Number of protein chains: 4
Amino acid sequence: MSNSLGTLFRVTSFGESHGECVGVVIDGCPAGVQLSRECVQQELDRRRPSGQPGATSRREPDNARILSGTLEGHTTGAPICMLVENTNIQSDAYGPLADIPRPGHADYPAGVKYGGMNDPRGGGRFSGRITAGFVMAGAVAKAVLAGCGVEVFAHTVRIGRVRAPGTEAESARASCRTNALSCCDGPAAAAMEREIEDARAGGDSVGGVIECVATGLPVGIGEPVFSTVDGEIARALFAIPAVKAVEFGGGFALSAVRGSQANDPFTVAGDRVVTTKNDAGGILGGLTTGMPIVVRAAVKPTPSVSVKQRSVNLKTWQDAEMSISGRHDACIVPRAVVVVEAMVAVVLCDLGLQGGLISGCVK
Amino acid sequence: MSNSLGTLFRVTSFGESHGECVGVVIDGCPAGVQLSRECVQQELDRRRPSGQPGATSRREPDNARILSGTLEGHTTGAPICMLVENTNIQSDAYGPLADIPRPGHADYPAGVKYGGMNDPRGGGRFSGRITAGFVMAGAVAKAVLAGCGVEVFAHTVRIGRVRAPGTEAESARASCRTNALSCCDGPAAAAMEREIEDARAGGDSVGGVIECVATGLPVGIGEPVFSTVDGEIARALFAIPAVKAVEFGGGFALSAVRGSQANDPFTVAGDRVVTTKNDAGGILGGLTTGMPIVVRAAVKPTPSVSVKQRSVNLKTWQDAEMSISGRHDACIVPRAVVVVEAMVAVVLCDLGLQGGLISGCVK
Amino acid sequence: MSNSLGTLFRVTSFGESHGECVGVVIDGCPAGVQLSRECVQQELDRRRPSGQPGATSRREPDNARILSGTLEGHTTGAPICMLVENTNIQSDAYGPLADIPRPGHADYPAGVKYGGMNDPRGGGRFSGRITAGFVMAGAVAKAVLAGCGVEVFAHTVRIGRVRAPGTEAESARASCRTNALSCCDGPAAAAMEREIEDARAGGDSVGGVIECVATGLPVGIGEPVFSTVDGEIARALFAIPAVKAVEFGGGFALSAVRGSQANDPFTVAGDRVVTTKNDAGGILGGLTTGMPIVVRAAVKPTPSVSVKQRSVNLKTWQDAEMSISGRHDACIVPRAVVVVEAMVAVVLCDLGLQGGLISGCVK
Amino acid sequence: MSNSLGTLFRVTSFGESHGECVGVVIDGCPAGVQLSRECVQQELDRRRPSGQPGATSRREPDNARILSGTLEGHTTGAPICMLVENTNIQSDAYGPLADIPRPGHADYPAGVKYGGMNDPRGGGRFSGRITAGFVMAGAVAKAVLAGCGVEVFAHTVRIGRVRAPGTEAESARASCRTNALSCCDGPAAAAMEREIEDARAGGDSVGGVIECVATGLPVGIGEPVFSTVDGEIARALFAIPAVKAVEFGGGFALSAVRGSQANDPFTVAGDRVVTTKNDAGGILGGLTTGMPIVVRAAVKPTPSVSVKQRSVNLKTWQDAEMSISGRHDACIVPRAVVVVEAMVAVVLCDLGLQGGLISGCVK
C-alpha cells in the first residue's frame, strides 16, 4: 500500500514480475469513451522489448485482456480491469542469489519491510514489469484526453553521455516514433545506440533522460496546493523504477538565472493568452497555463549488470561478491518512454476530471 | 482542492496572504507527543524575514497559536489547528495591476480557474505566505520524528551562479544554522550574499538549490508503488511555490554514468547493512535503505521583480508593460530552507506511521 | 483520525468541548457561492440551547467566525476555516469523576485508545459540542445546494414514547421551524415537551428519532458501490454522538413486506419520471431517483443523567457508583435537528460535486 | 467511482453481472497471512445459490482464482487480485424490457447517470452478483482478523413476517451453519422457509433482517469522528444492494427509553472492564468498547418479482406494465448472510490496521 493513484480517475496496480499476471483496475473512467483492446495493445507493444537496442531477451506476447468496464467498444463507467499474463518466466536465474541483495535493487529494503514474506522472484512488485499495467492505464487515459484535444508525447533526450540537441519541432515527432530509441534527432539516436552497445559490451548498463510534452490543455487544471500538476506528475513518475529526478520547464537551470530571465512574458495571440517562451513548463502555481507542459525524468542505469559487484550475504552477515546473469536490459530508457507518457496521461486525466475538463468534453 | 496532504498524518492548509490568517490542521498526530507553542514558534522564526539577505521588508511577528489538539504540553490525538495572523498587510500595492497578470506568478491561471472569484490580494492562496502553515506542520512532524531518532536537516547549496562545495560533514551543520543563508560553507555563504545583493541592486531576483538530508530512518519505510518515499517527498516539495525540480541522491547525474558506477555497494557495518556510497539518496524501490535520504529542490528566482516586464491587459486584451513594486524578497531561498525541511518531515511522518515506525516508538 | 469527510467537498473537524474553540475547514467549496457570516450564524443559532425544552444551561454566544476562504461575501475556492470560541466552560464538574468512566459515554474506550493522553474535559472530542463545527459546514453546503435548487429539511418525528403522526405535508414545515421541538405536528410537539419534562424531572434523559428530507436532487447522484447516497449519509450521521440507527424510506419495515409491495411503481409526470410512492426513500442502487431522499436517525437518550449509575473505578479496579451533575441536556433531539440537516447537506454537496451536479449549476 | 473501500486495507471491486468476471483487488493486506484458495472458495460457496430456499436457479461454480499477492500459501504484502468467472449467463431474458426500467432496481437512475452507456445486462454493476467479490475480500479480512482473535458471525433474524427469538447463545452458532437459512433457531428457520415458499408461490419475493456479531476486538478500535466503527460498517453494508436500514445494539428501540435504561453499566470482570448489558452494540463514541459489536441490517425483498408491475416506457414516454421472468431469488437473505459478514470483516480489518490492532498481532 498504496498501489492506487488518483482521486477521480483512480488506477490500482496489481501483479508481480513472476506471478500469474500484471494488471490494473481503473476506477472513475467516464462512460462512453471509445476503447478497444487493440488501442491498449498498441501501447503495450511500444513497451515490449522487441527492436530497442539494449532490450532484455525476455520476450512475451503481452496480450492485453480487458476483463470489465467496457461494452461494445466503449467504456461503461464501471471499473476497468485489464491484465497481461506472464508467460516467459525463468525464476531459476534468481535462485542462487537469494541471500545476497542486488545493489541498486529493492531486494534489501523490501525484504526488511515485509519480513521476508514478499515475492522475491524477479523483483516481485519492484520489477519494471509492473509498468505494463501503467501502460494499459495510460492507454485509457489517453483515450479520454484525446476526446478533449489533449495529446501526450514523450521522447528520449539523453542516453548516458549522449544528449539530443534542443527541444525539437512538432515535425520531428513522426520520425521519433519510427526510431527504436524514441529520439527525435537522427544523428543523436545513432550515437545513443552506440552508447548502449558500448555499455552492454562491458557487461554494464546505461540510463538517460526522457522528456514528456502535453499539449492542448486548457488553463487552470491542477488542484493547489498539494495536488498541483507538477507535484502529481512528479509523484507518478517516481513510481517508475529507476527514475531519480524530475524537472519542469527550465528546471534546475532556473536556479542559476535572474527572475527577469526566468519569468515567461505573457502576450496576446488571437483569442488566447500565451507566453513568449515556456521556462515554466506550462505550469504556474501548480496550475496549467495553457502552454505545453514540459517535464523531464532522469532514469538511472538499470542496476542489473553482469560485472562483479560488492554486496552482503544476509545469512552469513559477511561481505560478498555477486554478478547478475539472467536476461536484462542494458538500457531501459527507450522502453520507458511510453511508461512516462502513461503516467503523465493518467495524472492529467485525474486532474482534468477534478478541474471539470473532461466531463465537459466527453458528454 | 486539494489542500490536504497525507494519509495517516494529514495536513490541511488554509488561509491567504492578505486574509485574516494562515494556518493548518493536522489530523492523525499520535497522542502523547511533547509539543509546545515555543517549539512551533522557533520554526516559524526561521522562516520569518529578519536577517536573511534579500528578504522582504514585510515584517510580521508571526506568533504561532495552537487552537486545538494539545493539553498540558502534549498532543492528545485530536486534530491540531494552528495559525498565525496576518498583521502587516498592504494590499494597495497590488491594486493598479489587477487586470495585468504578473509574469511568473499564478495570477493568470488562477483567475481563469476560479472565474475571477479567487482572492487576488498578495497572490491569495498562491503566495509564499501560506508556507508559514507548512512550517507549523513541520514543527509537529519533527517533534514526532525526533521521538524516533529521525532528524531532518536542510541547507542552501546554490544561490544563482554560486554553488557550495560538496555535501558537508555533520560538523558543518552547527555553523549552518548561525548563517543567515543556511549555507554550511562559510566562503560560499559570503559569495551567495553578494549574488543576492547583486540581483537586488538590479531590481531583480535570484533562485537557488536547497538540499535536505534525513537521518535515523529505519529500513523499509515507504509505500510502493505510488506512495514511495521519493514520490511523496517530491509531490510535497512542489507545493512550495517556486520549486521547479527535485532530485534524489545522484539525481540527474545518474543518467550519465554506467550502472556499475551508479549502484551503491552494500557492506556490513556492525549490526547494520549500509552502502559504501549513497547515490541512491537513501531510497531503493521507493523504500528507505537506512542510509540518509538526500533530496535537492531547485527554487526559481522569485517572480516579483521591479524591472519592467511584458504582460497583457486582460481588460483591453492588449499587450502591456508592468513593473512590480511592493515589498518582495530578492531571494527566498534562505527562508525556504525551513519550509523544505517541513515538507520532508511531514511526508516522513506520514509514511513512517504507515510503515509502523512511529506508533512503535511513541508508545 | 479521521476527522475529515468527503472527497471533493471535504470537511475537516477540529476543536474540543473545553478547549479554545470548535471549528471546521471546508476544502473544495466552489468559488463564487454567496456566503455571509450571518447565514452561518443563523444555522448555529438553531443548534444553540436557548428555547428548546430539556436543553443544557450551558449558554454560549457561539459567534461564527470565518477565518479564510471568502472575500466580499462570496467563496473564493480556497479552504474555508470557520470556528466558534468556547466561552462558558466549567471543567470542575468533571474533575471528581476522572477515574470513573461515565456509562454511555466514550470516556472509557477513548482513554484506552489514546493511552490516557486524550483531552477528557467535557468529553473532549467526543462531546456533542463538536457538532457546532458540523453545523457551520452544513451552512456552507446548504448555500451551495440552494444554488442548484436542492433543499434539506429535518424534523423531529419521535421523542421517547411519543411519535408524530405521518410524514407531514410541505405546508407543515413553516410551523415546524417556529416550534421549539422542530416537530411539524402541533399536538405531538406538546406531548413531546411533556415527555422531556417527565424525563428531566426524574433526573433522567430521553432520545428520539429525526427524519430528514432532501428535495430537488436530479436523478443519478451517488457513486456506487461504496460511496452510495445511503452509505455516505449513514456514515456521516453516525458521526453525530448518540445516533444508533439509520434507515431510508420504508427502512426496517421493508423487511416484513412482499417485493410487490416494496417496489415503487414508476409513472410519467410531465417531463419527469416519478414513483407513485417512495418506500425507496429516493434511492435505488445507491443513486438518487429524483424523488425526495428520506432518512431517519435514531438518537439515544443523552447518557448524562443525574440518577445513580454503576461503573468502575479504573484506579482501584473496583465497581463504583456515580451520579453526573453539571449542565446537561435532558433531550438533545431538538438541537440535533439542524445537525442532521448539516450532515445530509454536506454529503449531498460532496456527491453532487462528484456527480457533476453542482459545478454545473454554480457556474 | 467509487468502487474502493478502506484506507489501509483497501478493497476495489470490479466486474459486472453478465461480463467476463466479478472480482476484487485488496491493497494493504499485511504480509505473512496464511491464505489459501480453498479458504476463499469456502466463503464463496456459502453465497452460492445451492440449497437455500428461494435461491435463483442461476448456478455457477464460482471458482475462486487468486491472481496476485500470494506465494506458497501466504500473503506477500502485494495487492491481492481475485476473481470468479461468469459462466452461466442468459442475457436474453433482459432484452425485451430494455426500455422499461424495473421498479425497485437501479435501471432507471443508472441509465440517467451514465447516459445510457452503462452495462444493463443483468443489472451490470448494480447486480447482487458483484457481492461475490465482497465475499472474497471478506475471506481475506477474516483470515487477518482470525490471527488477532477476532471472529465475525452473521445470522438471519427475520424473514418477512417471521422473527427469530432473541439473540442466541454461542452454542446455537454451530446449528446455524448447517441450516439453509443461517438462522440459529430451528423452529423459526422452519417458519421462515414457509414464508419464503409462500412468497415464491405468489410470484413474489420477501426480505428480512440479518444480524452480525463481532467478538474478540480490543478496546478503542475506530477513528472518530468520521471513520467510526458504526459509520464505516453502515456505509459498507449499504454497498449491498437491498440493504435499507442499519442499527447497532439497541438501535431504534433506544429512542424510546430513558437514558438510565439505555446506558450499559460498567463492571470489572477479572482483568477486563465489561458492561452488564450491551445496548450500545459494543460501540461508544464510534470506538469499540471490548464488548461484541452487534449490528442488524434490513434487507428489502428482491425487486425481481413475476407479478405484474407498473412502470414507464422511456422510449414512448408512457406508462407501461411489466412482468419479470428470468431466474431470480425469491429471498436473498440467506445468501446475503456471508456478504454481511464480509463487509463487517473488511471494515474491522481496515479500522484495526489504523488502530494498531493487526500489525501488532500479525508480526
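Procedures and definitions
- Residues numbered from 1 in each chain as written.
- Chains lettered and ligands numbered in written order.
- Predicted model: local features only at pLDDT ≥ 70, side-chain atom pairs only at ≥ 80, totals over all residues.
- Heavy atoms only, no water.
- Helix = DSSP H or I, 4+ residues; strand = E, 2+ residues; numbered from the N terminus.
- Rg over C-alpha atoms; globule rule 2.2 N^0.38 Å.
- Buried < 20%, exposed > 50% of the residue type's maximum accessible area, 1.4 Å probe, protein only.
- Areas by Shrake-Rupley, 256 points an atom, 1.4 Å probe, with all protein chains shown as cover.
- Lys, Arg positive; Asp, Glu negative; His and termini not counted.
- Charge placed at Lys NZ, Arg CZ, Asp CG, Glu CD.
- Contact = heavy atoms within 4.5 Å.
- Buried area = accessible area lost by both parts, 1.4 Å probe.
- Salt bridge = Lys/Arg side-chain N within 4 Å of Asp/Glu carboxyl O.
- Polar contact = N/O pair within 3.5 Å; in protein donor to acceptor, adjacent residues only side chain to side chain.
- Nonpolar A, V, L, I, M, F, W, Y, C, P; charged D, E, K, R; others polar.
- Pairing = 2+ DSSP bridges.
- Axes fitted to C-alpha atoms, helices over the stretch in contact; angles between N-to-C directions.
- pLDDT = per-residue confidence, 0-100.

Draft legend 1. Quick peek at the overall build of chain A. Secondary structure assignment for chain A yields nine helices and 18 strands. Its C-alpha atoms give chain A a radius of gyration of 21 Å, within 12% of the compact-globule value 21 Å for 363 residues. Its C-alpha atoms put chain A at 70 × 50 × 40 Å along the principal axes. Split into buried and exposed, the 363 residues of chain A put 68% on the buried side. Split by element, the accessible area of chain A, about 11100 Å² in all, is 51% carbon and sulfur. Across chain A, the mean location of the 34 positive side-chain charges is 3 Å away from that of the 36 negative side-chain charges.

Draft legend 2. The arrangement of the interface of chain D and chain C in detail. With 107 residues of chain D at the interface, the matching set in chain C holds 106 residues. Counting the surface lost from both chain D and chain C, the interface buries some 7900 Å², and carbon and sulfur atoms represent 62% of this. Viewed at the interface, chain C and chain D are joined by eight salt bridges. Between Glu223 of chain D and Lys113 of chain C there is a salt bridge; the shortest N-O distance is 3.0 Å. If you look at where chain D meets chain C, you find 49 residue pairs in polar contact (both at pLDDT 80 or more). For the side of chain D that touches chain C, the class distribution of residues is 53 nonpolar, 31 polar and 23 charged. Pairing between strand S11 (residues 243-248) of chain C and strand S11 (residues 243-248) of chain D: three bridges, direction antiparallel. Note that in S11 of chain D the partner of Glu247 of chain C across the bridge is Ala245 of chain D.

Draft legend 3. Looking closely at the sheet that holds strand S9 (residues 162-163) of chain C. Reading across from one edge, S9(C)-S8(C)-S10(C)-S16(C)-S11(C)-S11(D)-S16(D)-S10(D)-S8(D)-S9(D) is the order of the 10 strands in this open sheet, with antiparallel pairing throughout. Looking at strand neighbours, the two that pair on one side only are S9 of chain C together with strand S9 (162-163) of chain D, the edges of this open sheet. The pairing of strand S8 (residues 151-159) of chain C with strand S10 (residues 208-215) of chain C spans eight bridges and is antiparallel. By the bridge assignment for S10 of chain C, Arg158 of chain C is matched with Val209 of chain C. In the packing of helix H6 (residues 229-237) of chain D onto the sheet, the strands contacted are S11 of chain C together with S11 and strand S16 (293-299) of chain D, and the crossing angle to S11 of chain D comes to about 160°.

Draft legend 4. Local environment of the confidence of the model for chain A. Mean pLDDT over chain A stands at 93; residues scoring 70 or higher make up 94%. Across the assembled chains, the prediction reports ipTM 0.96 with pTM 0.97.

Draft legend 5. Structural detail: unusual backbone geometry. Each neighbour pair has its own omega, and for Pro224 of chain A with Val225 of chain A the value is 5°, a cis peptide bond. Along the polypeptide, Val225 of chain A turns up in the loop between strand S10 (208-215) and helix H6 (229-237). Look at Asp62 of chain D: it is not a glycine, yet its phi comes out positive at around 50°. Within the secondary structure layout, Asp62 of chain D lies in the loop between helix H1 (37-47) and strand S4 (65-66).

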